Amino acid sequence: MILLLSIYSIDGDPRLSCFGLMKNSMDGKSYSTNLAYTPPEYLKNGRVIPESVIYSFGTVLLDLLSGKHIPPSHALDMIRGENLNLLMDSHLEGKFSSEEATQVVGLASQCLQYEPRERPSTKNLVVTLARLQTKSDVPSNVMLRVSKHEEAQSTPQRPLSPLAEACSRMDLTAIHQILVMAHYRDDKETHELSFQEWTQQMRDMLEARKQGDTAFRDKDFKTAIDYYSQFINVNIMVSPTVYARRSLCHLFSDRSDAALLDAMQAQCAHPDWPTAFYMQSVALSKLDMQKDAADMLLEGAALEEKRQRGARAS
């Protein structure tokens, strides 16, 4: 079993905070994770293995090096291109050991291999990192130059959108109405198809989606799941809206695990889509993972606010 922990030293300095590894839900059979740290085998089939932790840890190394989250696939391209300075946190202003940075980047690259068997073992990780530990630990408050007991500012409360509000209440009927009205307006970036792709298979796939939409609108959620699954399994067009709609169908069918996985897939298809975060929030709440649900709701609201600011500026 893989647990998500926050570890602190005796004097309260964080050593390892929550960084999104798998956490088993109340039923003891399912797992959840922030999509940014999700290993490919979990996205593919919901399978969790020991090597999944190694992949997630690789994303943590990248976050530490860069000072921000870089999608693993993009980071690997940068590593292969030997763009070390682009990868490193700009706040370091070049004041770091290139040799040590190269070793950590190489280790992160190994952790992020698509095939689990190609990732290093936990023992190899510890041995490699221990060799780089040449300085004594520095308390985080000293490093950040903040007072030990300085109170953190609370996150300002944003007015929630109708969808966010419905998700916070776990009002599935209201969510359904909003998703029906939204139609496929957020899928426009994923629907560009070449002439060659308009095959009979493509037409059949779109017909399956159309039938799924009809069943979804009529609240025939079992039928909607069947048709949306046909659409997804063809694997030609990726639609975050279809994943979000199927996620809600699973919620109506009391299949919270499947709903969470679909909501995560929606985020994978459209990383900045607030709806994907909101649907994860509802599924996590159904799984009694309230803290994670609240975090997802806040992330979705922040993305929605960012999108609104961009629309106003343009």
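Everything in this summary refers to the structure shown in the same document. Keep in mind it's a predicted model, so treat the numbers as computed, not measured.

Let's shift gears to the overall build of the protein chain. Secondary structure assignment for the protein chain yields 15 helices and four strands. Looking at the protein chain as a whole, 43% of its 314 residues are labelled buried. Put simply, 55% of the contacts in the protein chain that link residues at least 6 apart link residues at least 24 apart.

Right, let's get into the pattern of salt bridges. Across all of its chains, the model carries 11 salt bridges by this definition. In this structure, Arg169 and Asp171 form a salt bridge, with 3.0 Å as the shortest nitrogen-oxygen distance. By relative accessible area, Arg169 is classed as partly exposed at 45%. The salt bridge partner of Asp186 is Arg307, with a shortest N-O separation of 3.3 Å. With a gap of 121 residues between them, Asp186 in the loop between α9 (172-182) and α10 (200-217) and Arg307 in helix α15 (residues 290-313) connect regions that are remote in the sequence.

Okay, the environment of Ser247 next. Mapped onto the elements, Ser247 comes out in helix α12 (residues 240-252). We classify Ser247 as buried; its relative accessible area is 0%. The spatial distance from the C-alpha of Ser247 to the C-alpha of Leu261 is 7.8 Å, given a sequence separation of 14 residues. The residues touching Ser247, leaving out its near neighbours within four places in the chain, are Ala259, Asp262, Ala263 and Met279.

On to the nonpolar core. Generally speaking, soluble globular proteins have nonpolar side chains that are buried together. Cys167, Ile175, Phe216, Leu248, Leu251, Tyr278 and Met279 are the most contacted members of the largest nonpolar core, which has 47 residues in total. Residue contributions to this core peak at seven residues, all from helix α14 (residues 274-286). Excluding anything up to four places from it in sequence, Leu248 contacts Leu172, Ile175, His176, Leu179, Phe216 and Met279. In terms of nonpolar packing, the next biggest core, distinct from the first, is built from 19 residues, Tyr55, Leu76, Val104 and Leu125 among them.

A few words now on helix α11 (residues 221-234). Along its 14 residues, α11 runs 20 Å from first to last C-alpha, staying within 8% of the 20 Å computed at 1.5 Å per residue. Those residues of α11 lying buried are Phe221, Ala224, Ile225, Tyr228, Ser229, Phe231 and Ile232. Within α11, the buried residues cover an arc of 160 degrees as seen down the axis, which keeps them to one side. Counted as exposed and oriented over 90 degrees from the buried face of α11: Lys222 and Asn233. Taken from the residues just after α11, Asn235 is the one with a positive phi, measuring 65 degrees.

With their axes 8 Å apart at the nearest point, α12 and helix α13 (residues 256-269) run at an angle of 165 degrees to one another. Put simply, α12 runs roughly antiparallel to α13. Every pair of crossing elements has a handedness; the one defined by α12 and α13 is left-handed. On the side of α12, the interface is formed by Pro240, Tyr243, Ala244, Arg246, Ser247, His250 and Leu251, while α13 contributes Ser256, Ala258, Ala259, Asp262, Ala263, Gln265, Ala266 and Ala269.

One pass over the structure, following the stated rule, counts three aromatic pairs. Between the aromatic rings of Phe216 and Phe221, the centroid separation amounts to 6.3 Å while the plane-to-plane angle is 75 degrees, which identifies the pairing as edge-to-face. Residue class for Phe216 comes out buried when judged on its relative accessible area of 0%. For the pair Phe216 and Tyr228, a centre-to-centre distance of 6.4 Å together with 55 degrees between the ring planes defines the contact as tilted. In this pair, Phe216 sits in helix α10 while Tyr228 sits in helix α11, placing the two residues 12 residues apart along the sequence. Among the aromatic residues, those joined into a ring-pair cluster are Phe216, Phe221, Tyr228 and Phe252. Geometry around Tyr184 places Arg209 over its ring, the cationic atom sitting 4.3 Å from the centre.

What counts and how
Residues numbered from 1 in each chain as written. Predicted model: local features only at pLDDT ≥ 70, side-chain atom pairs only at ≥ 80, totals over all residues. Heavy atoms only, no water. Helix = DSSP H or I, 4+ residues; strand = E, 2+ residues; numbered from the N terminus. Buried < 20%, exposed > 50% of the residue type's maximum accessible area, 1.4 Å probe, protein only. Contact = heavy atoms within 4.5 Å. Salt bridge = Lys/Arg side-chain N within 4 Å of Asp/Glu carboxyl O. Core = buried A, V, L, I, M, F, W, Y, C linked by side-chain atoms within 4.5 Å. Expected span 1.5 Å × (residues − 1). Arc of directions from axis to C-beta. Axes fitted to C-alpha atoms, helices over the stretch in contact; angles between N-to-C directions. Parallel < 35°, antiparallel > 145°, perpendicular 65-115°, else oblique. Left-handed = near helix turned anticlockwise from the far one by under 90°. Phe/Tyr/Trp six-rings, centres within 6.5 Å; stacked < 30°, edge-to-face > 60°. Lys NZ or Arg CZ within 6 Å of the ring centre and 35° of its normal.

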